[in-house]
Every structure is written in C-alpha cells, then in structure tokens.
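# Structure assessment
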Amino acid sequence: MNETMVCVVGNVATRPVYRETVSGPSARFRIAVTARYWDREKNSWADGHTNFFTVWANRQLATNAAASLSVGEPVIVQGRLKVRTETREGQPDWMSADIDAVTVGHDLARGTTAFRRTPRPELTPPSDRAEPAWETDPAPSPPADGTAADGAPDAGSGEAAGELRPEAAMVT
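Just so we're clear, the structure is a prediction, and the values are computed from it rather than from any experiment.

Cut-offs applied
- Residues numbered from 1 in each chain as written.
- Predicted model: local features only at pLDDT ≥ 70, side-chain atom pairs only at ≥ 80, totals over all residues.
- Heavy atoms only, no water.
- Core = buried A, V, L, I, M, F, W, Y, C linked by side-chain atoms within 4.5 Å.
- Buried < 20%, exposed > 50% of the residue type's maximum accessible area, 1.4 Å probe, protein only.
- Helix = DSSP H or I, 4+ residues; strand = E, 2+ residues; numbered from the N terminus.
- Contact = heavy atoms within 4.5 Å.
- Salt bridge = Lys/Arg side-chain N within 4 Å of Asp/Glu carboxyl O.
- Phe/Tyr/Trp six-rings, centres within 6.5 Å; stacked < 30°, edge-to-face > 60°.
- Lys, Arg positive; Asp, Glu negative; His and termini not counted.
- 1 Å grid on protein atoms, 1.4 Å probe; cavity = no way out; pocket = protein on both sides within 12 Å on 5 of 7 lines; lining within 4 Å.
- Points joined across faces, edges and corners; volume = space filled by probe spheres on them.
- Nonpolar A, V, L, I, M, F, W, Y, C, P; charged D, E, K, R; others polar.
- Pairing = 2+ DSSP bridges.

We now examine the nonpolar core. Ranked by internal contacts, the top residues of the largest apolar core, which has 15 residues, are Val-8, Phe-29, Ile-31, Leu-69 and Val-77. If you list the elements that add at least two residues to this core, you get β1 (5-12), β3 (24-39), β4 (44-58), β5 (74-86) and β6 (94-106). When residues no more than four places from it in sequence are discounted, the contact partners of Ile-31 are Val-8, Gly-10, Asn-11, Ala-13, Asn-51, Phe-52, Phe-53, Val-55, Val-75 and Val-77.

Structure representation (structure tokens):
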C-alpha cells in the first residue's frame, strides 16, 4: 500500500464528536499544529503558520478518544493523510486535510496523564458448539501412594510427557 502516513503534534482544537454508525463507533475532532521557530531579531521563539487537520477515529479508538480528549490538550496523532477537494456551487474549490487515525495520545513532553485500560467486552461462546470435556470434567487426581492409575510407578506430572493440566494453564 502506498499511503501517506503522518505523525502530527498539536493541540485539540474542537471537542470530539462521537457517533454510533452501522460500521461501529466513529469520532472526529480538529487538531491545530503550529510551527515554532527561533526569531533572531527578537531573540525569542515565535509562532509560525497554524495548520488544522480533521482527525477521524474508528471503533475502540473513537470511544477512547471521545472519553479522553478535551479542547486545548496537547496530543500526538499518527495516521493516514487524506487530502480532499470539493467543488461547491457559487464558491471557490474547497480543500481539507484529514487524518484517518491509527493512534492518538496525549503529548507527555507537555504534561502528565493517567492511563486506564478499557475493559474488554465479554465474548459469549456460540451456543451450537459443544464444550470440550476437559473444561467441565475435573482431571483425575493421581493416587496418593505415588503410583499411576495402572499400578506402575508414577513418571511425574503429565507436563513432562507434553500434557498440560487445565489448572496449570494461565487464562488471560
């Protein structure tokens, strides 16, 4: 794919607008990106031209951006640059630069933030699929005298033979 990926650092210029669509959540907001340069005549930093981009976020990024961003906050946005041109009746051509966001975050060079992980929705298994027996039946416990069920000496846990006991597996 030959897409133009950009990373912009600026300030949130408009309140994020959140919408539930048929294809999932969507949010958009504007970001103002101002170039700064050293003015030798004034011996100080000066603001250059300000560019405004419309940032589009989808799915979980849209939900989190709408809940986390406020006007004026410093952010970093990475995504695909889209430049659109429109012709409107009786008006000159209109252009906009949009960013289809891949990631959005606060700029920690200019402040602090507290990260909170969003809970994942519970996935329900399909009802037409039978549950494997190992999930419902407890594993037989070995005899207390150190012999296997067939009377042979116990060779250790089943893990050495390549078996995993369900209670030893970590569920995340």
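Once you've had a look at it, read on.
Moving on, we come to the pattern of salt bridges. Side-chain pairing between opposite charges can occur once the charged atoms of the two side chains come close. Under the counting rule described, the total for this entry stands at six salt bridges. Between Glu-86 and Arg-84 there is a salt bridge; the shortest N-O distance is 3.8 Å. The partner of Arg-110 in a salt bridge is Asp-107, and the shortest N-O contact between them spans 3.1 Å. The exposure class assigned to Asp-107 is buried, which follows from its relative accessible area of 10%.

For the rest of this paragraph, the subject is unusual backbone geometry. Its identity is not glycine, yet Asn-43 carries a phi of approximately 55°, on the positive side. You will see that Arg-59, though not glycine, has its phi angle at about 55°, which is positive. The topology assignment puts Arg-59 in helix α1 (residues 59-68).

Moving on, we come to the packing of aromatic side chains. The description of an aromatic ring pair uses the distance of the two centres, along with the angle that the planes make with each other. Applying the stated criterion across every chain yields a total of one aromatic pair. An angle of 80° between the planes, with centres 5.6 Å apart, marks the rings of Trp-38 and Trp-45 as edge-to-face. On the accessibility criterion, Trp-38 (41% relative accessible area) is partly exposed.

Further remarks concern the side chain of Asp-39. Mapped onto the elements, Asp-39 comes out in strand β3. Here Asp-39 sits buried without a salt bridge, and the closest side chain of opposite charge, Lys-42, lies 4.3 Å off (N-O distance). Contacts of Asp-39, omitting those with residues within four sequence positions, involve Ser-44 and Ala-46.

Here the focus is the layout of surface pockets. As a volume, the largest pocket reaches approximately 640 Å³. Every residue lining the largest pocket is counted, 18 residues in all, and those nearest its centre are Asn-64, Ser-68, Val-104, Phe-115 and Arg-116. Secondary-structure elements contributing two or more residues to the lining of the largest pocket are α1 and β6. Per-element tally for the lining of the largest pocket: the top contributor is α1, with seven residues. In the lining of the largest pocket, the residues fall into seven nonpolar, nine polar and two charged.

Here we come to the side chain of Ser-26. Here Ser-26 lies in strand β3. Given the relative accessible area of 15%, Ser-26 is considered buried.

The next thing to look at is the environment of Gly-24. Structurally, Gly-24 can be placed in strand β3. The exposure class of Gly-24 is buried, given its relative accessible area of 16%. Spatially, the C-alpha atom of Gly-24 lies 9.3 Å from that of Ala-62, the residues being 38 residues apart in sequence.

Okay, the pairing of β4 next. Summarising the sheet, β3 and β4 pair through 13 bridges and their orientation is antiparallel. Each residue of the ladder has a partner; that of Asp-39, found in β4, is Ser-44. Bridging between β4 and β6 involves three bridges; their strand directions are parallel. From the neighbouring strand, Trp-56 faces β6, where its bridge partner is Asp-100.

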